[in-house]
Amino acid sequence: MKGWIATLIVLAAVIAIASTCFVAVDETEFVIVKQFGKPVRTYLDPGLRLKWPVPIETTVRFDNRIQVFEDPPADTPAKEYLTRDKKNVEVATFTCWRIERSEGAVLKFLETVRDKAGAEPRLGDIIRSQLNAKLGSSDFNPLVTTDASSRRWREIVGEILNESAQRARDSFGIEIADLQVQRFNFPAQNRRSVFDRMRAERQRIATKYRSEGEAESMRIRANAQAEQEKILAEAYAESQRIRGQADAEATRIYGEAYNTDPEFYRFLRTLESYETGLDADTILILPSDAPFFRLLTNPNAPVEQLPKITIENSLTKDGRDKQQTTGPEG
């Protein structure tokens, strides 16, 4: 009985030792095999591999997927930097990184930083040094501006990404896939003064636009006034010309009518002068034998004895033709 137990123990030990002779490489991993603590083989592709049993050979596994590193973390204040024109700014970044897919890079990663906890502080040092150098050599305005032609933010971030990726690859075997700025702000103690300067600048621009608008409106009004006066002058000149032509035409018609039958015309105009010159509000004191009343006092008087009436044509204020009748000549 004791022999069977011993056999089972030996068999279990053999199975346990044999199980350590295999290493399964997952597709999300890189595996380094160490022999007595010294790296001897690196597996980059997934599969099942053979090795010497523990403790002759041991394995170290690294995650080969992209990691996200926030510097600083979201719940901590952003790092403060100084631009070339002495503006303090706070910047927080995030970096997407992974171990480069090559045997040399994996071994370098193991030798220099060993794991994720050791890699990210080194990565943060590289990125912060690049941020400090690039922001320190650039003015603030090209970083935050509404003028697309002078904005250099993407260019600066691209330079930081390229130089940080090169240093991380050469020093630690790390591949930086992407780097972006997730927070960019002023320090709390400077924020109020910056906002006040921004308001003052916007007020200055608004005042400039208003003054330019007022000057333009005055120019437009002056031009409109000059155009109005020109149009009114031309209209007045045209009206005077038309009135002159109308007066000449009226005089011609009156002359033709008078020449057709002077006696009848004088008789008709005398009656019209009575109608226009005598009304309820008119007080006229003349001797009874005045020529103006001869037609009333002596209806049978010859027409040639009637007063000679002169007719003057003029226009009233409302534009209607008015005839003025004067007394007898002489």
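1. Some remarks on the sheet that holds strand 5 (residues 57-63)
Part 1 of the reasoning: One open sheet holds the three strands; their spatial order is 3-2-5, and the pairing between them is antiparallel. Only two strands of the sheet have a single neighbouring strand rather than two, namely strand 3 (38-43) and strand 5. Averaged over all neighbouring strand pairs, the angle between strand axes comes to 25 degrees, with direction disregarded.
Part 2 of the reasoning: By the bridge criterion, seven bridges tie strand 2 (residues 29-35) to strand 5 in an arrangement that is antiparallel.

2. Brief notes about the pattern of salt bridges
Part 1 of the reasoning: Going through the model one piece at a time under the given rule, you end up with 18 salt bridges.
Part 2 of the reasoning: A salt bridge links Glu249 to Arg252; the shortest N-O distance between them is 2.2 Å. Of this pair, Glu249 and Arg252 both sit in helix 5 (residues 188-260), three residues apart, roughly one helical turn.
Part 3 of the reasoning: Salt bridges linked by common partners bring Asp71, Asp125 and Arg128 together as one network.

3. Quick word on the packing of aromatic side chains
Part 1 of the reasoning: In this structure the tally under the stated criterion is five aromatic pairs.
Part 2 of the reasoning: A centroid spacing of 6.4 Å and a plane angle of 20 degrees characterise the contact between Phe140 and Phe184, whose relative ring orientation is stacked. Taken together, the residues span a long stretch of sequence, with Phe140 in the loop between helix 3 (116-136) and helix 4 (153-172) and Phe184 in strand 9 (residues 174-185) at a distance of 44 residues.
Part 3 of the reasoning: Counting every residue linked through ring pairs, the aromatic cluster contains Phe140, Trp153, Phe184 and Phe186.
Part 4 of the reasoning: The residue whose ring lies beneath Arg49 is Tyr43, and the NZ or CZ to ring-centre distance is 5.2 Å.

4. Quick word on the side chain of Gln67
Part 1 of the reasoning: In this structure, Gln67 sits in strand 6 (residues 67-71).
Part 2 of the reasoning: A distance of 3.2 Å separates a polar side-chain atom of Gln67 from the backbone oxygen of Arg65.
Part 3 of the reasoning: Other than its neighbours up to four places away in sequence, Gln67 contacts Thr95, Cys96, Trp97 and Lys116.

5. As for helix 3
Part 1 of the reasoning: Over its 21 residues, helix 3 extends 30 Å from the first C-alpha to the last, a length consistent with the 30 Å expected when each residue adds 1.5 Å.
Part 2 of the reasoning: For helix 3, every residue scored as buried is listed here: Ala119, Glu120, Leu123, Gly124, Ile126, Ile127, Gln130, Leu131, Lys134 and Leu135.
Part 3 of the reasoning: Here the buried face of helix 3 lies against strand 6, strand 7 (79-82), strand 8 (88-99), helix 2 (103-112), helix 4 and strand 9.

6. Quick notes on the packing of helix 3 against helix 4
Part 1 of the reasoning: Contact pair helix 3 / helix 4: the axes reach a minimum separation of 9 Å and the direction vectors enclose 145 degrees. Judged by the sense of rotation from one axis to the other, the crossing of helix 3 with helix 4 is right-handed. Of the residues in helix 4, those touching helix 3 at Arg122, Leu123, Ile126, Ile127, Ser129, Gln130, Leu131, Lys134 and Leu135 are Trp153, Ile156, Glu159, Ile160, Glu163, Ser164, Arg167, Ala168 and Phe172.
Part 2 of the reasoning: Among the residues forming the contact of helix 3 with helix 4, the class breakdown is 10 nonpolar, three polar and five charged.

So, how was this worked out
- Residues numbered from 1 in each chain as written.
- Predicted model: local features only at pLDDT ≥ 70, side-chain atom pairs only at ≥ 80, totals over all residues.
- Heavy atoms only, no water.
- Pairing = 2+ DSSP bridges.
- Helix = DSSP H or I, 4+ residues; strand = E, 2+ residues; numbered from the N terminus.
- Axes fitted to C-alpha atoms, helices over the stretch in contact; angles between N-to-C directions.
- Salt bridge = Lys/Arg side-chain N within 4 Å of Asp/Glu carboxyl O.
- Phe/Tyr/Trp six-rings, centres within 6.5 Å; stacked < 30°, edge-to-face > 60°.
- Lys NZ or Arg CZ within 6 Å of the ring centre and 35° of its normal.
- Polar contact = N/O pair within 3.5 Å; in protein donor to acceptor, adjacent residues only side chain to side chain.
- Contact = heavy atoms within 4.5 Å.
- Expected span 1.5 Å × (residues − 1).
- Buried < 20%, exposed > 50% of the residue type's maximum accessible area, 1.4 Å probe, protein only.
- Left-handed = near helix turned anticlockwise from the far one by under 90°.
- Nonpolar A, V, L, I, M, F, W, Y, C, P; charged D, E, K, R; others polar.

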